[in-house]
Amino acid sequence: MTDSDKPTVLSALIELGRVDSQIALLNAQKKALDTERAKRKQALDAQALKRGARSKLLDEKKVLNSREEKSIKVERERINERRRALSTLNNYKLQQAAEREIDYVSKQVGQREELLLQLMREIELLEKDMAEIDSVTKGLQDEGAAFEKEATETLESVETRLKEYTAERVRHAQVVGTGPVLMAYNRIKDRFPSNPVVDVLNRDSCSGCHMKLGPQVVVQISRGDVVKCPGCSRFLKLPAE
């Protein structure tokens, strides 16, 4: 690398750092959108699972309710038949025994009816709960649709800008060349994607790691030398006036 090439290489490194910082920000924006999309899907999936569990329980309770209603109806009809049959009994003791049996069965049926009422209240609460779940799901779907529309537009813009920055990066990388400087820069970029090239702060320290620098470093950068921070290894540049 000749002295006349060094300012061009340093300038290209500075531009590479600027471009790569923008690329890192755009990729972070894409990642944030993907994370938000996954979060919204997870919320919808959770509501679907919740609704599925409620629906299964509701179906089971409705089947039980229907079966119990029919069973109680049959028992009530049998009780009424026994009461009608009392008049045909001529034996007093048989009548007393039949009445006790009817009272006992009636109490059992009454208890079952109380349980049936409780079951109906549970069904009502489950139906209300499912309606609330449906309402929440509808809200999440509406929000998701609006988010998807905005996210799609944002991603299109991001992809367009990424293509532009990628093309610009190729141009600057060509100026730097394929030698050790670019290899070193790429290693630094992998460690510090948002700021592989940093300013010299107050002309005496690295703005990346705040390590103190000697005055010779500023002189080297001023004449266009490619200089790395001895602390964090990032390339150094003088701040723009």
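Residues numbered from 1 in each chain as written. Predicted model: local features only at pLDDT ≥ 70, side-chain atom pairs only at ≥ 80, totals over all residues. Heavy atoms only, no water.

## Quick notes on the packing of aromatic side chains
Part 1: One pass over the full model with this rule turns up one aromatic pair.
Part 2: Considering the side-chain rings of tyrosine 185 and phenylalanine 235, the 6.4 Å spacing of their centres and the 25 degrees angle between planes classify their relative orientation as stacked. In this pair, tyrosine 185 is assigned in helix 3 (residues 180-191) and phenylalanine 235 in strand 3 (residues 235-237), connecting sequence segments 50 residues apart.
Part 3: Just above the ring of phenylalanine 192 sits the side chain of arginine 234; from NZ or CZ to the centre is 3.8 Å. (Phe/Tyr/Trp six-rings, centres within 6.5 Å; stacked < 30°, edge-to-face > 60°. Helix = DSSP H or I, 4+ residues; strand = E, 2+ residues; numbered from the N terminus. Lys NZ or Arg CZ within 6 Å of the ring centre and 35° of its normal.)

## Quick look at unusual backbone geometry
Part 1: The phi torsion at asparagine 202 lies on the positive side, around 55 degrees, for a residue other than glycine.
Part 2: Located in the positive-phi region is histidine 210, a residue other than glycine, with phi close to 70 degrees.
Part 3: Along the polypeptide, histidine 210 turns up in the loop between strand 2 (205-206) and helix 4 (215-222).
Part 4: Judged by its relative accessible area of 52%, histidine 210 is exposed. (Buried < 20%, exposed > 50% of the residue type's maximum accessible area, 1.4 Å probe, protein only.)

## Describing the pattern of salt bridges
Part 1: Summed over all chains, the structure comprises 22 salt bridges.
Part 2: The closest approach of N and O atoms between aspartate 45 and lysine 41, which form a salt bridge, is 2.9 Å. With aspartate 45 and lysine 41 both in helix 1 (residues 6-86) and four residues apart, this pair spans about one turn of that helix.
Part 3: Several salt bridges converge on common partners, so that one network encompasses Glu15, Arg18 and Glu168. (Salt bridge = Lys/Arg side-chain N within 4 Å of Asp/Glu carboxyl O.)

## Description of the nonpolar core
Part 1: By size, the foremost hydrophobic cluster in this structure holds 26 residues, and its most contacted members are Leu13, Val176, Tyr185, Ile221, Phe235 and Leu236.
Part 2: Elements that contribute at least two residues to this core include exactly helix 1, helix 2 (92-176), helix 3, strand 1 (197-201), helix 4 and strand 3.
Part 3: When sequence neighbours within four positions are dropped, the list of residues in contact with tyrosine 185 reads Leu13, Leu16, Gly17, Asp20, Arg169, Pro196, Val197 and Phe235.
Part 4: Ile79, Ile102, Leu119 and Met130 belong to the second-largest nonpolar core, a separate cluster that totals 13 residues. (Core = buried A, V, L, I, M, F, W, Y, C linked by side-chain atoms within 4.5 Å. Contact = heavy atoms within 4.5 Å.)

## A short note on the side chain of serine 21
Part 1: Position of serine 21 relative to the elements: it lies in helix 1.
Part 2: Residue serine 21 is classed as buried on the basis of its relative accessible area, which comes to 15%.
Part 3: For serine 21, the contacting residues outside a window of four places in its chain are Pro193, Ser194, Asn195 and Pro196.

## With respect to the side chain of glutamine 47
Part 1: Tracing the chain through its elements places glutamine 47 in helix 1.
Part 2: Setting aside chain neighbours within four positions, we find glutamine 47 in contact with Ile133, Val136, Thr137 and Leu140.

## Some points on the sheet that holds strand 2
Part 1: Taken in spatial order, the three strands line up as 2-1-3 in an open sheet, and their pairing is mixed. Two strands bound the open sheet, and with one partner strand each, they are strand 2 and strand 3.
Part 2: Across three bridges, the pairing between strand 1 and strand 3 is parallel. Bridging across to strand 3, valine 198 finds its partner in leucine 236. (Pairing = 2+ DSSP bridges.)

Such coordinate-based values are descriptive only and should not be taken to indicate function.
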